[in-house]
Amino acid sequence: MDGVIVDTEPVHHYAYHQHFKQLNIEVSPEMYASFTGNSTKNIFEKLKAQFKLNEDVTTLVETKRNLFNDAFDSKEDLFLLDGVEDLIKDLHTNGIQLVLGSSSAKVTINRIFNRFNLHQYFAHIVSGEDFPKSKPHPAIFQHAAHLAQTPVENCIVIEDSTNGILAAKAAGIYCIGYDSFHSKMQDYSKADQVIRHFNELSFEKVKNLKV
């Protein structure tokens, strides 16, 4: 979702860095970039170990989520990424089953989906908070394929992060890398195909992919 359907990364960045200040820790841009595609829980597990934080992970997650929600609700300039709504409608109209596999928490996913009225297009929603390991572990995409009752060789993943691409490939799924200007320091070399705008995809093009 984040970085593919909507760019909430600036809101996450603001919330995380507000929290880092509160915790009095210095997270480098490289370390922050390495978190892309991880769930908030996994990120704070890593930060707790790295910086020997006293707070428990649940409290850390809750604090950051509250900072995010406050910023999200007051941010007016939040839009779907260019071309993605047309692609979603095109695929849905032509009978392609859409499943969201996001590292975001369910409450965040629902916030986005309600704001942009996206529930009508997706058969299933899978949140990373339901899995002990984040991407690049393939569990989230394996479960998405299971819910869709579709063999992995008949699935396609669209991902904007290194960790997401690695997770898709580990699940045995054809992966389209979305390299947008929002993506920072991500590696697309393992993707089967790379696009830079959603107008490069359509039902006809997806239908004819040799996955």
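Residues numbered from 1 in each chain as written. Predicted model: local features only at pLDDT ≥ 70, side-chain atom pairs only at ≥ 80, totals over all residues. Heavy atoms only, no water.

(A) Spatial organisation of the packing of aromatic side chains. With the rule as written, the count across this model stands at six aromatic pairs. Sitting over the face of the ring of F72, R115 holds its NZ or CZ atom 5.3 Å from the ring centroid. (Phe/Tyr/Trp six-rings, centres within 6.5 Å; stacked < 30°, edge-to-face > 60°. Lys NZ or Arg CZ within 6 Å of the ring centre and 35° of its normal.)

(B) Empty space enclosed by the protein, seen in detail. What the rule picks out here adds up to one cavity of 30 Å³ or more. Size it by volume and the largest cavity reaches roughly 40 Å³. Looking at the lining of the largest cavity residue by residue, the class counts come to two nonpolar, four polar and two charged. (1 Å grid on protein atoms, 1.4 Å probe; cavity = no way out; pocket = protein on both sides within 12 Å on 5 of 7 lines; lining within 4 Å. Points joined across faces, edges and corners; volume = space filled by probe spheres on them. Nonpolar A, V, L, I, M, F, W, Y, C, P; charged D, E, K, R; others polar.)

(C) Quick peek at the packing of helix α1 (residues 9–23) against helix α4 (residues 57–74). It is at 9 Å that the axes of α1 and α4 come closest, and there the two elements cross at 135 degrees. Viewed along their axes, α1 and α4 adopt a mutual orientation that is oblique. Along this stretch, α1 crosses α4, giving a crossing that reads as right-handed. Note on element contacts: α4 touches α1 through L60, T63, K64, L67, F68, A71 and F72, opposite V11, H12, Y14, A15, Y16, Q18, H19, Q22 and L23. Looking at the contact of α1 with α4, its residues break down into 10 nonpolar, five polar and one charged. (Axes fitted to C-alpha atoms, helices over the stretch in contact; angles between N-to-C directions. Helix = DSSP H or I, 4+ residues; strand = E, 2+ residues; numbered from the N terminus. Parallel < 35°, antiparallel > 145°, perpendicular 65-115°, else oblique. Left-handed = near helix turned anticlockwise from the far one by under 90°. Contact = heavy atoms within 4.5 Å.)

(D) Structural detail: the environment of D86. Along the polypeptide, D86 turns up in helix α5 (residues 84–93). A relative accessible area of 59% means that D86 is categorised as exposed. A C-alpha to C-alpha distance of 26 Å links D86 and Q142, two positions 56 residues apart in sequence. (Buried < 20%, exposed > 50% of the residue type's maximum accessible area, 1.4 Å probe, protein only.)

(E) The arrangement of unusual backbone geometry in detail. Along the chain, K135 connects to P136 via a cis peptide bond; the corresponding omega equals 20 degrees. Considering the arrangement of structural elements, one finds P136 in the loop between β2 (124–127) and α7 (139–147). A positive phi angle is found at N117, which is not glycine, with a value near 55 degrees. Position of N117 relative to the elements: it lies in the loop between α6 (106–116) and β2.

(F) The arrangement of the pattern of salt bridges in detail. This structure, assessed with the given rule, holds seven salt bridges. The salt bridge involving D130 is made with K106; its shortest N-O contact spans 3.2 Å. Linking D130 in the loop between β2 and α7 with K106 in helix α6, this pair joins segments that are 24 residues apart in sequence. Ionic pairing is found between E204 and K207, a salt bridge with its closest N-O pair at 3.3 Å. Linking E204 with K207, this pair stays in helix α9 (residues 203–207), spanning three residues, or about one helical turn. Judged by its relative accessible area of 44%, E204 falls in the partly exposed class. (Salt bridge = Lys/Arg side-chain N within 4 Å of Asp/Glu carboxyl O.)

Any functional reading would require information beyond the geometric quantities listed.
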